[in-house]
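# Fold and contact review
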Amino acid sequence: GSGITPFIPMIRELLEKNAIKNHSLIHANRKSKDMILVKELEKALDGSYFKILSEEDAVGYDFGRIDKSYLKQRIVDFHQYFYLCGPEGFAESIKSDLINLGAQEDKIQIGY
């Protein structure tokens, strides 16, 4: 499955309720062909949808891995809620980076 799958119903519900403002999404994958619903997410999140690839340098995508530096570059407010989905090691690493950048641990939810 795709790591983005658990977030699709949440994003669609926010759109339905006209409550998507101030939400953003960082979506990581290895290659662009592995990304799903890109056009829908770009439209829904209107400039707050960040795509990053670890194994392909493609136009319209950031290249590399999500790490502390990338989070600092893309996140404006570390006092918000964060929802992480991905392999356990990845999620724990991102959680640690978020906390080091000022996020509150009780505002970080892992796993969907």
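Please read all numbers here as calculations on a predicted model, not as lab measurements.

Procedures and definitions
Residues numbered from 1 in each chain as written. Predicted model: local features only at pLDDT ≥ 70, side-chain atom pairs only at ≥ 80, totals over all residues. Heavy atoms only, no water. Pairing = 2+ DSSP bridges. Helix = DSSP H or I, 4+ residues; strand = E, 2+ residues; numbered from the N terminus. Phe/Tyr/Trp six-rings, centres within 6.5 Å; stacked < 30°, edge-to-face > 60°. Lys NZ or Arg CZ within 6 Å of the ring centre and 35° of its normal. Buried < 20%, exposed > 50% of the residue type's maximum accessible area, 1.4 Å probe, protein only. Right-handed = clockwise from strand over helix to strand, strands pointing away. Salt bridge = Lys/Arg side-chain N within 4 Å of Asp/Glu carboxyl O. Core = buried A, V, L, I, M, F, W, Y, C linked by side-chain atoms within 4.5 Å. Contact = heavy atoms within 4.5 Å. Polar contact = N/O pair within 3.5 Å; in protein donor to acceptor, adjacent residues only side chain to side chain.

### Notes on the sheet that holds strand E1 (residues 25–29)
Ordered in space as E1-E2-E3, the three strands form an open sheet in which the pairing is parallel. The outermost strands of the open sheet, each flanked by one partner alone, are E1 and strand E3 (62–63). Two elements, strand E2 (residues 49–53) and E3, share two bridges in a ladder whose sense is parallel. Opposite Ile52, over in E3, you have Asp62 as the bridge partner.

### Some details on the packing of aromatic side chains
Here the structure, examined in full by the defined rule, presents one aromatic pair. Here the basic side chain of Lys51 rests over the ring of Tyr61, its NZ or CZ set 5.0 Å away from the ring centre. In this structure, Lys107 packs its charged tip against the face of Tyr81, placed 5.3 Å from the ring centre.

### A word on the pairing of E2
It is a general feature of regular strands that their side chains alternate between the two faces of the sheet. Summarising burial for E2: five of the five residues are buried, a large majority. Of the two faces of E2, both are covered, the one formed by Tyr49, Lys51 and Leu53 as well as the one formed by Phe50 and Ile52. In the classification by handedness, the crossover that spans E1, the intervening helix H2 (residues 38–45) and the parallel E2 is right-handed.

### Let's talk about the pattern of salt bridges
Side chains that carry opposite charge are capable of pairing whenever their charged atoms lie near each other. This structure, assessed with the given rule, holds eight salt bridges. Across the pair Glu13 and Lys17 runs a salt bridge whose closest N-O atoms are separated by 2.7 Å. The partner of Glu42 in a salt bridge is Lys39, with the nearest N and O atoms 4.0 Å apart. Placement of both Glu42 and Lys39 in helix H2 is noted, with a separation of three residues, approximately one turn of the helix. A single salt-bridge network, built from bridges that share partners, covers Lys39, Glu42 and Lys51.

### Things to note about the nonpolar core
With 15 residues, the main nonpolar core has Ile11, Leu25, Leu41 and Tyr49 as its most contacted residues. Among the secondary structure elements, those contributing two or more residues to this core are helix H1 (8–16), H2 and E2. The dominant element in this core, judged by the number of residues it contributes, is H2, at four residues. Filtering out sequence-adjacent residues up to four positions away, Ile11 remains in contact with Ile20, Leu25, Leu41, Ala44 and Leu45. Grouped together as the second largest cluster of nonpolar side chains are 14 residues, Ile66, Leu71, Phe82 and Ile94 included.

### Some words on the environment of Ile75
Summarising the element assignment, Ile75 is placed in the loop between helix H3 (68–74) and strand E4 (82–84). Taking the C-alpha atoms as reference points, Ile75 and Leu101, 26 residues apart in sequence, are found 9.8 Å from one another. With residues up to four places along the chain from it excluded, the contact list for Ile75 reads Ile26, Gln80, Phe82 and Leu98.

### Considerations on the side chain of Asn29
Along the chain, the position of Asn29 falls in strand E1. Looking at Asn29, its side chain comes within polar contact range of the main-chain oxygen of Asp34, at 3.1 Å. Filtering out sequence-adjacent residues up to four positions away, Asn29 remains in contact with Asp34, Met35, Ile52, Leu53 and Ser54.

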